[in-house]
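Examining the three-dimensional arrangement
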Amino acid sequence: MQIAIPAETGDTRVAATPETVKKFVAMGHSVVVQSGAGFASAVLDAGFVEAGASIAPTRAEALASADIVLTVRPLAEEAISELKEGAVLIGQLAPYQNATFPALAAKKVSAFAMELLPRTTRAQSMDVLSSQNNIAGYKAVLLANQFYPRFMPMLMTAAGTVKPARVLIMGVGVAGLQAIATAKRLGAVVEATDVRSSTKEQVESLGGKFIEVPMSDEEKAANDGVYAKEMSDDYKQRQAELVAKHAKAADIIITTALIPGRPAPRLISAEVVAGMKPGSVIIDIAAEAGGNCELTQAGEVIKLDNGVTVVGLANLPGMLAADASSLYAKNLLTFLSLMLSKDGFKLDMEDDLLAATLVTHAGEVRFGNK
Ligand code: NAD
């Protein structure tokens, strides 16, 4: 089989690395990489060639005879038109927004959206949301550090004592947990909150303090799953009151709350931001999904008149492109190994991981029709 790696538009990451190319080649497949595809991830064309890939000067040439195409972001319509009919496409295809599924179906593409992978033990090594959110959580703390005009740790110097930064993390999924661990490593005092009360233990095991919004047993039961559910207005009110109190005392707030397929929940109002101290910083990892903070502007850093900085920069994993690509590429290699072997390619529709992620197949859009 021929596997193609196009250069991404609007992303610094790449969907294969020399390490994964070597594995595909060892299985007897050929890999073609669009020239420059790895540059922003610190992989030169020569690195791919050394691993056994060939280089195509343009995207159209890379895609023309590819049986399998690996991407980070959804392909643009123009790129879809360059695909071979019946090709396999694997990547983060933004299934809840993607308008290109009809075009993929028209080309009879078998497209897999990696965001839809079930969160099961078997899927862990292929879980792109985990590998990328982990990086986002780490980078969020470093970004906060960049915009925060003070030290993170407590310092005792001859010129006086510096208090440690108080960091509030909202949403304790993969990104939130890594943010807690990173902020602790830098010496901050960390508090965290989540609608899933099962996260309390995880926060405490990392040395953070869990802020618990009072919940009824019914609410707790509704939120004991893997993903958070949209909360009632009553819960939101209780949460808002508690957040307002802790936000006032916080120097840095990192928000990571997401609900799959829905806009990010609004956790910090403009009024709460108005009550924060000058010099404090909000890093909104959910900026691309609409933001957890009312004042977030996706892709922007805004400094407000009260001295608070609101950071809505997008694609935090892309800021650590080399490691983000390396982990992402390994996720895809493991996922593709469910179908690809030395003996060729076989799509087993009974496999729960493949069935859950397959969004277009045999001329049909399957996502939303299941
Ligand atoms: P996510 O990115 O979907 O959301 C981030 C966090 O925000 C979640 O913890 C969520 O509960 C929280 N949140 C949502 N609405 C909120 C609100 N209104 N207020 C406060 N917090 C809110 O989460 P994720 O990182 O993808 O992790 C989701 C779950 O998947 C976790 O339980 C995680 O342990 C699990 N997981 C399982 C696997 C696996 O077994 N393969 C892999 C990774 C993650």
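The protein is annotated in an unreviewed UniProt entry as NAD(P) transhydrogenase subunit alpha part 1 from Craterilacuibacter sinensis. Heading Catalytic activity (unreviewed entry) of the UniProt record for the protein holds this comment: "NAD(+) + NADPH + H(+)(in) = NADH + NADP(+) + H(+)(out)".

1. Concerning the site of the ligand
Lining the immediate surroundings of the ligand are 31 residues, of which Gly171, Gly173, Val174, Ala228 and Ala257 lie closest. Every element with two or more residues in the shell around the ligand is listed here: helix 6 (128-147) and helix 7 (174-185). A class-by-class count of the residues in the shell around the ligand yields 17 nonpolar, 10 polar and 4 charged.

2. Side note on the nonpolar core
Core analysis: the largest hydrophobic core is formed by 112 residues, its most contacted members being Ala140, Val167, Ile169 and Ile254. Each of two domains, domain 1 (2-116 + 321-364) and domain 2 (134-315), supplies a minimum of three residues to this core. If sequence neighbours within four positions are ignored, Val167 has contacts with Ala183, Ala188, Val189, Val190, Ala250, Asp251, Ile252 and Ile254.

3. Quick look at the domain arrangement of the protein
Split into domains, the protein comes out as domain 1 (2-116 + 321-364) and domain 2 (134-315). Computed from C-alpha atoms alone, the centre-to-centre distance between domain 1 and domain 2 is 34 Å.

4. Concerning the sheet that holds strand 9 (residues 166-170)
The mixed open sheet is built from 7 strands, whose spatial order is 11-10-9-12-13-15-14. Sheet topology places strand 11 (209-210) and strand 14 (301-303) at the edges, where each strand pairs with a single neighbour. Pairing analysis gives 4 bridges linking strand 9 to strand 12 (residues 252-255), with the strands arranged parallel. Paired with Met170 across the strands is Thr255, a residue of strand 12. Packed on one face of the sheet, helix 6 meets strand 12, strand 13 (281-284) and strand 15 (309-311) and runs near 150° to strand 13.

5. Here's the deal with the packing of helix 6 against helix 7
Close contact between helix 6 and helix 7 brings their axes to 7 Å; oriented N to C, the two are set at 35°. For the pair helix 6 and helix 7, the crossing hand works out as right-handed. Along its contact with helix 6, which presents Ser130, Asn133, Asn134, Ala136, Gly137, Tyr138, Ala140 and Val141, the element helix 7 presents Val174, Ala175, Gly176, Leu177, Gln178, Ala179, Thr182 and Ala183. Residues that form the contact of helix 6 with helix 7 fall into these classes: 9 nonpolar, 7 polar and no charged.

What counts, and at which threshold
- Residues numbered from 1 in each chain as written.
- Predicted model: local features only at pLDDT ≥ 70, side-chain atom pairs only at ≥ 80, totals over all residues.
- UniProt positions renumbered as here; feature names shortened; annotations may be inferred.
- Near = placed C-beta within 6 Å.
- Helix = DSSP H or I, 4+ residues; strand = E, 2+ residues; numbered from the N terminus.
- Nonpolar A, V, L, I, M, F, W, Y, C, P; charged D, E, K, R; others polar.
- Core = buried A, V, L, I, M, F, W, Y, C linked by C-beta atoms within 7 Å.
- Buried ≥ 20, exposed ≤ 12 C-beta atoms within 10 Å, placed from the backbone.
- Domains from an automatic or database assignment.
- Contact = placed C-beta atoms within 7 Å.
- Pairing = 2+ DSSP bridges.
- Axes fitted to C-alpha atoms, helices over the stretch in contact; angles between N-to-C directions.
- Left-handed = near helix turned anticlockwise from the far one by under 90°.

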